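Given next are the chains, with one letter for each unit.
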Amino acid sequence: MIPAVRDQLFQRHVGNPILTAAGWPHTVNAVFNPGAALLPDGTTLLLCRVEDRRGISSLWAARSADGTSNWLIDPEPALFPSTQAHPEEAWGVEDPRIVWLEELKRYAITYTAYSPTGPAVSLILTADFRDYERVGVVIPPEDKDAALLPRRFGGRWLMLHRPRTGLGSDIWLSESPDLVHWGRHRLLLAARKGAWWDANKIGLGPPLIETDRGWLMLYHGMRQTAAGCLYRLGLALLDHEDPGRVLQRSDEWIFGPHESYERQGDVGDVVFPCGATLGPDGDTLNLYYGAADSCVALATGRVSELLHWLEGHCRQPCDSASVD
Ligand code: BMA
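What counts and how
- Residues numbered from 1 in each chain as written.
- Predicted model: local features only at pLDDT ≥ 70, side-chain atom pairs only at ≥ 80, totals over all residues.
- Heavy atoms only, no water.
- Helix = DSSP H or I, 4+ residues; strand = E, 2+ residues; numbered from the N terminus.
- Rg over C-alpha atoms; globule rule 2.2 N^0.38 Å.
- Buried < 20%, exposed > 50% of the residue type's maximum accessible area, 1.4 Å probe, protein only.
- Contact = heavy atoms within 4.5 Å.
- Areas by Shrake-Rupley, 256 points an atom, 1.4 Å probe, with all protein chains shown as cover.
- Near = heavy atom within 4 Å.
- Polar contact = N/O pair within 3.5 Å; in protein donor to acceptor, adjacent residues only side chain to side chain.
- Nonpolar A, V, L, I, M, F, W, Y, C, P; charged D, E, K, R; others polar.
- Core = buried A, V, L, I, M, F, W, Y, C linked by side-chain atoms within 4.5 Å.
- 1 Å grid on protein atoms, 1.4 Å probe; cavity = no way out; pocket = protein on both sides within 12 Å on 5 of 7 lines; lining within 4 Å.
- Points joined across faces, edges and corners; volume = space filled by probe spheres on them.
- pLDDT = per-residue confidence, 0-100.

Topic: the overall build of the protein
Phase 1 of the analysis: Counting its regular elements, the protein contains 2 helices and 21 strands.
Phase 2 of the analysis: For the protein, the C-alpha radius of gyration of 18 Å lies close to 20 Å, the compact-globule estimate for 324 residues.
Phase 3 of the analysis: The buried share of the protein, reckoned over its 324 residues, is 57%.
Phase 4 of the analysis: In the protein, 50% of the contacts between residues at least 6 apart in sequence involve partners at least 24 apart.
Phase 5 of the analysis: Split by element, the accessible area of the protein, about 13600 Å² in all, is 51% carbon and sulfur.

Printed below as a string of structure tokens:
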């Protein structure tokens, strides 16, 4: 099959899927939606969502020297739902996003804590992916798909997240003086409506990528079709000094389910990235994504090409809360 031109912004790794339930050291149902970090020694760490055969997810670190192969799975989970101490995790912990906070010399991991009260955003900190300091729930249900920005703006930390409101499932921005207390909540980017590819729900993909033109956002858009949900990716650009300003938003999606491992699985037709790493050139973007809620795959693109493409594929000026 001839690949669509827009798919060429990302090249799928030839060894996809790079992590699967079958390759996991113990019996699990699915391995998907990993957060990603490049450690100081060059190791790529994926914090994978591992769903057991009950349906409950925990987070496990997988480490690789080249970011593509010879993954070593930590013998213990990084985060196992602690039902007694944290009832908000009774149904598992899911979909982590990892951001290095230079001020605190800690990685901030935001993840979905899932329980009968619904999905909430929880935060945990670590310096080394060995010891973890729980902050706990920072945004109550229903909310998910959260990531911090790596530094303060005007003295406040910023977090993107995706509450479910009366209007829909859109991306919001909130502020905090201390990572614990969050306020000044505001709508940042709204799902579009009707026939649009991002008509029903949108949510942040990996944490924002800092560029000299602003903060590049990859976001997922979900379209409800007669055949089920279809998850694809689009782009937006936020102002460098004021990330609450949306400068550009792509009209078209740029990456969607195409290969069999993306089309077939526990939830078919899903590409869902929660993590990305930058290559040593500062331009190569390694996008780690869950495919069909079953396995982990890798696609590689270039930040410069994404920015160039976005420039030519968005309406100007961009209305941040556009819902047409
Ligand atoms: C979203 C999240 C993801 C999942 C996706 C597709 O709402 O729950 O964890 O990958 O749906 O099922």
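From this point, the narrative continues.
Description of the site of the ligand
Phase 1 of the analysis: All residues in the neighbourhood of the ligand are listed as Asn33, Arg49, Asp95, Lys144, Tyr231, Val267, Val270, Phe272 and Asp293.
Phase 2 of the analysis: Between arginine 49 and the ligand, the recorded distance is 2.8 Å, taken from a side-chain N or O atom to an oxygen atom.
Phase 3 of the analysis: At a separation of 2.5 Å, an oxygen atom of the ligand approaches a polar side-chain atom of aspartate 95.
Phase 4 of the analysis: Protein chains bury 86% of the 300 Å² of accessible surface belonging to the ligand in isolation.
Phase 5 of the analysis: In the shell around the ligand, the residues fall into 4 nonpolar, 1 polar and 4 charged.

Section: the side chain of glutamine 248
Phase 1 of the analysis: You can see glutamine 248 is positioned in strand S18 (residues 246–249).
Phase 2 of the analysis: A polar side-chain atom of glutamine 248 sits 3.4 Å from a polar atom in the side chain of glutamate 311.

Thoughts on the nonpolar core
Phase 1 of the analysis: Of all hydrophobic cores here, the largest spans 25 residues; its most connected members are Phe10, Leu216 and Ile254.
Phase 2 of the analysis: When contributions to this core are tallied by element, the ones reaching two or more residues are strand S16 (214–225), strand S17 (228–238), strand S20 (284–291), strand S21 (295–302) and helix H2 (303–312).
Phase 3 of the analysis: The element contributing the most residues to this core is H2, with 5 residues.
Phase 4 of the analysis: The next biggest cluster of nonpolar side chains, apart from the first, holds 21 residues, and it includes Phe153, Leu188, Ile202 and Trp253.

Section: empty space enclosed by the protein
Phase 1 of the analysis: Evaluation of the coordinates by the stated rule reveals 1 cavity of 30 Å³ or more.
Phase 2 of the analysis: Volume-wise, the largest cavity comes out at about 40 Å³.
Phase 3 of the analysis: Lining the largest cavity are Leu47, Leu59, Ala78, Leu79, Ile109, Ile124 and Tyr132.
Phase 4 of the analysis: Its residues assigned to classes, the lining of the largest cavity comprises 7 nonpolar, no polar and no charged.

Examining the confidence of the model for the protein
Phase 1 of the analysis: With 95% of its residues at a pLDDT of 70 or more, the protein has an overall mean of 95.
Phase 2 of the analysis: The low-confidence segment residues 1–6, where pLDDT is below 50, has 5 contacts with residues more than four positions distant or belonging to other chains.
Phase 3 of the analysis: Note that pLDDT drops below 50 for residues 319–324; the model gives that stretch 21 contacts with residues more than four away or on any other chain.

What to know about the environment of tyrosine 114
Phase 1 of the analysis: Note that tyrosine 114 resides in strand S7 (residues 106–115).
Phase 2 of the analysis: The sequence separation of tyrosine 114 and isoleucine 73 amounts to 41 residues, and the corresponding C-alpha distance is 24 Å.
Phase 3 of the analysis: Apart from residues no more than four positions distant in its own chain, tyrosine 114 is found in contact with Glu88, Glu89, Ala90, Trp91, Gly92, Glu94 and Pro119.

Examining unusual backbone geometry
Phase 1 of the analysis: Proline 17 follows asparagine 16 through a cis peptide bond whose omega is -10 degrees.
Phase 2 of the analysis: Locating proline 17 in the fold gives a position in the loop between strand S1 (11–12) and strand S2 (30–38).
Phase 3 of the analysis: Cis geometry is found at the peptide bond from proline 141 to glutamate 142, where omega equals -10 degrees.
Phase 4 of the analysis: Along the chain, glutamate 142 falls in the loop between strand S9 (132–139) and strand S10 (143–148).
Phase 5 of the analysis: In the Ramachandran plot, asparagine 33 falls in the positive-phi region, its phi being about 45 degrees despite a non-glycine side chain.
Phase 6 of the analysis: You can see asparagine 33 is positioned in strand S2.
Phase 7 of the analysis: Positioned with a positive phi, aspartate 269 is a non-glycine residue whose angle comes to about 60 degrees.
Phase 8 of the analysis: Checked against the element boundaries, aspartate 269 lands in the loop between helix H1 (260–263) and strand S19 (271–278).

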